[in-house]
Amino acid sequence: MIYFDNAATTIKKPRVVWSQTIKFCKKYGANAGRGQHELSQIASISIQKTKDKLKKFLRCAHFHSVAFTPSATIAINVVLKGLDFSKIQNVYISPFEHNSVLRTLYALQEHHLFTIHQLSVTEDGVFDLDKIAEHFAKDKPNLMVVSHVSNVCGTIAPIEQLCQLAKRSFAVCVIDMSQSCGLIDLPLRKVNADFFIFAGHKTLHAFYGVAGIIYRQSARLKCFIHGGTGVDSQSRRMPEELSSQIAGSSNILAIKSLDVALTYLAKKGIANIEAKERQLTKVLKKILSRFDFIKIIGDNAQSISVVSATFEGMSPEGVAAFLNRHKICVRAGLHCSPLAHRHFNTLPLGTLRLSIDFFTKRSDLRRLNGALKKLQKTVTNKKKKAS
């Protein structure tokens, strides 16, 4: 199968991730922080080493800490539901936010009085910083939540500038890096954000079950999930420090996979990974542009890895089914990001999404080109019969 659904998850993990993770867990897969024995201690040390390695890989500041969660969705809920909304009146989001952000904010609106504003973005998906600055001056932001890379069109948000603008009003800044962590060559110490959300199973090439929050050590949130932490068990209250607030057993298998993946990615270099994916994105767009019945959605120079398109006379689901018969995996629909499709006027059917990654080959793109040529013949024949 040719795989173009990497925005959902990257299935082509480095071989070493599989081999070393399984080897470690067969020998040391004990419950971290739940025992004084050697195996538990080794698991705890491995988790801390992975946190340290992640901070180094992403070039975090000295004041950053890491809290692991089972998924980015849970991480977003931990952050947003942990904030004090009595002090929040204006919340800014981009049109590219995932339902993990949108539905959480909508749920919070049922209990708190705040307004959700949308950051200004051009028709082709580029952030308009001048208009955003004007909007911030009129309605000062208290909270800003932005996806670093859109899971619909691949637009890269200028998070350095956005946070700089929002911090003039002392806003809390949350960056969703689910589609960008380990892909975009940007030191996090340069971004004045309070919380960064990451997902292990996408651009970081780890297994399902590890995600988390990179945050300022001074950050304090209301506890979202209560339970055992292995710390101060006699207390009725949860610990105040965020990384100690994540209740439940740590997924040592998934965390170890992230540890191994980080070593692999560090050797490759984020700059090299980004450069390759930018080039592959250009090739993918060039292929799609050859066909007059295909329209690329949100086509701009500030995008990477993810490309959406509509097909004249065919639904996204129909095109996905056609490509599946040619052993090509894509995704059709709204991609859990309805505001993006409202922005691009692609509701209710959405788009066909193709997403590449570091392991995508030029031969994969040639196979896609061949399948689209066959689809073009089908479209042409239908038009002839209709006329």
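Keep in mind that this is a model prediction, so the values were computed, not measured.

Asks: Run through the overall build of the protein, naming residues and quoting values.
Replies: A count of helices and strands for the protein gives 12 helices and 13 strands. Against the 2.2 N^0.38 benchmark of 21 Å for 387 residues, the protein shows a C-alpha radius of gyration of 22 Å, consistent with a compact globule. For the protein, the spread of C-alpha atoms along the three principal axes comes to 80 × 55 × 35 Å. Here the protein holds 387 residues, and the buried ones make up 55% of them. Of the side chains in the protein, 55 bear a positive and 28 a negative charge, and the two mean positions are spaced by 9 Å.

Asks: Now, about the sheet that holds strand β7 (residues 195-199): what can you tell me, with residues and values included?
Replies: Judged by pairing direction, the sheet is mixed, and its seven strands sit side by side in the order β2-β8-β7-β6-β5-β3-β4 without closing on themselves. In the strand order of this sheet, the two ends are held by β2 (64-69) and β4 (115-118), each with one partner. The sheet shows a mean angle of 20° between the axes of neighbouring strands, direction not considered. Its contacts with the sheet put helix α3 (residues 72-80) on β2, β5 (143-147), β6 (172-176), β7 and β8 (211-216), and the angle it makes with β7 is roughly 165°.

Asks: Which residues make up the pattern of salt bridges, and what values go with them?
Replies: Counted under the stated rule, the structure contains nine salt bridges. One salt bridge connects D364 with K12, and the closest N-O pair in it is separated by 3.7 Å. Of the two residues, D364 sits in helix α12 (residues 362-386) while K12 sits in the loop between β1 (2-3) and α1 (15-28), which places them 352 residues apart along the sequence. Two residues, D194 and R216, come together in a salt bridge whose shortest N-O distance is 3.6 Å. Of this pair, D194 sits in the loop between β6 and β7 while R216 sits in strand β8, placing them 22 residues apart in sequence. Pair check on accessibility: D194 and R216 agree, each one buried. When salt bridges with common partners are traced through the structure, they connect K53, K256 and D259 into a single cluster.

Asks: Break down the packing of aromatic side chains for me, with residues and values.
Replies: Under the defined criterion, the tally for this structure stands at 11 aromatic pairs. Centroid distance W18 to F207: 4.7 Å. Interplanar angle 40°. Geometry classified as tilted. On the criterion of sequence distance, the pair formed by W18 in helix α1 and F207 in the loop between β7 and β8 is long-range, its members being 189 residues apart. Under the relative-accessibility criterion, W18 is labelled partly exposed at 42%. With relative accessibility at 10%, the residue F207 sits in the buried group. Aromatic rings pair up to connect F96, F127 and F344 into one cluster. The positively charged end of K256 is found above the aromatic ring belonging to F24, 4.6 Å away from the centroid. Directly above the ring of F358 sits K276, whose terminal nitrogen or CZ lies 4.6 Å from the centroid.

Asks: A description of a positive patch on the surface should follow, citing residues and the corresponding values.
Replies: Among the surface-exposed residues, K286, R290, R367, K373, K374 and K377 lie close enough to one another that they form a single positively charged patch. With four residues, the single largest contributor to the positive patch is α12. Examined against the element boundaries, R290 turns out to sit in the loop between α9 (270-289) and β9 (294-297).

Asks: How would you sum up the environment of H343? Please name residues and give values.
Replies: As for its placement among the helices and strands, H343 is situated in helix α11 (residues 338-343). Once residues within four sequence positions are removed from consideration, H343 is found in contact with P95, V121, T122 and E123. From its side chain, H343 meets the backbone oxygen of T122 in a polar contact 2.8 Å long.

Asks: Tell me about the sheet that holds strand β13 (residues 351-355), and name the residues and values.
Replies: In spatial order, the strands read β9-β10-β13-β12; together these four strands make up an open sheet with antiparallel pairing. Every other strand in the sheet has two partners, leaving β9 and β12 (331-333) as the edge strands with one partner each. Adjacent strand axes in the sheet meet at a mean angle of 35° when their direction is disregarded. As paired elements, strand β10 (residues 306-311) and β13 share four bridges and run antiparallel to each other. Residue pairing in the sheet places V307 in a bridge with L354 of β13.

Asks: With reference to specific residues and values, describe the side chain of T69.
Replies: Looking at the element boundaries, T69 is found in strand β2. Since its relative accessible area comes to 4%, T69 is described here as buried. Here S71 takes part through its backbone oxygen, which lies 2.9 Å from a polar atom of the side chain of T69. At 3.4 Å, the side chain of T69 forms a polar contact with the backbone nitrogen of G212. For T69, the residues in contact, after removing those within four places along its chain, are I74, A75, G209, V210, A211, G212, I213 and I246.

Asks: So what's going on with α12? Residues and values would help.
Replies: In this model, α12 (25 residues) spans 36 Å end to end at C-alpha, consistent with the 36 Å of a helix rising 1.5 Å per residue. Regarding α12, the residues found buried are D364, L365, L368, N369, A371, L372, L375 and V379.

Asks: Which residues make up the nonpolar core, and what values do they have?
Replies: F127, M144, F198 and I214 are the most contacted members of the largest nonpolar core, which totals 60 residues. For this core, the element with the highest residue contribution is helix α8 (residues 252-268), accounting for six residues. In this structure F127 touches S94, F96, L119, S120, V121, I132, V146, T155, A157, P158 and L162, once residues within four positions along its chain are discounted.

Parameters and conventions
Chains are numbered independently. Their residues run from 1 in the order of the written sequence. In keeping with the predicted nature of the model, local features appear solely for residues at pLDDT of at least 70, side-chain atom pairs appear and are counted solely at 80 or more, and the whole-chain, interface and lining totals rest on all residues. Excluded from the side-chain calculations are hydrogens and water; all other atoms, namely the structure's heavy atoms, are used. We count a stretch as a helix when DSSP gives it H or I for four or more residues in a row; a strand needs E for two or more, and each element gets its number in order from the N terminus. Values of the radius of gyration come from C-alpha atoms, whereas the globule rule sets the reference at 2.2 Å times the count of residues to the power 0.38. Here's how the labels work: a residue is buried when its accessible area is under 20% of the maximum for its type, exposed when over 50%, partly exposed in between, all with a 1.4 Å probe on protein chains only. In this tally Asp and Glu are treated as negative and Lys and Arg as positive; neither His nor the chain ends contributes. Lys charges are placed at NZ, Arg charges at CZ, Asp charges at CG and Glu charges at CD. If DSSP finds at least two bridges between two strands, the strands pair. Note on definitions: angles span 0 to 180 degrees between N-to-C directions of axes, and those axes are lines fitted to C-alpha atoms, for helices only across the stretch in contact. Whether two residues touch is decided by their heavy atoms; if any such pair falls within 4.5 Å, the residues are in contact. Definition used for salt bridges: Asp or Glu carboxyl oxygen within 4 Å of a side-chain nitrogen of Lys or Arg. When two rings of Phe, Tyr or Trp (its six-membered ring) have centres within 6.5 Å they constitute a pair, described as stacked for plane angles under 30 degrees, edge-to-face for angles over 60, and tilted for the intermediate range. Remark: a charge is flagged as sitting over a ring if the NZ atom of Lys or the CZ atom of Arg is within 6 Å of the ring centre and within 35 degrees of the ring normal. Patches draw on residues past 30% relative accessible area with no salt bridge. Two like charges within 9 Å are joined, as are two nonpolar side chains (Val, Leu, Ile, Met, Phe, Trp, Tyr) within 5 Å. Shrake-Rupley sampling with a 1.4 Å probe provides the accessible areas, and residues are treated as covered by the protein chains on show and by no other component. Contacts described as polar in this section are N or O atom pairs within 3.5 Å, which, within protein, must combine one atom able to donate a hydrogen with one able to accept it, while residues neighboring in sequence count only if both atoms come from side chains. Any helix carries an expected span of 1.5 Å times its number of residues minus one. Remark: nonpolar core denotes a set of buried residues (Ala, Val, Leu, Ile, Met, Phe, Trp, Tyr, Cys) joined through side-chain atoms within 4.5 Å.

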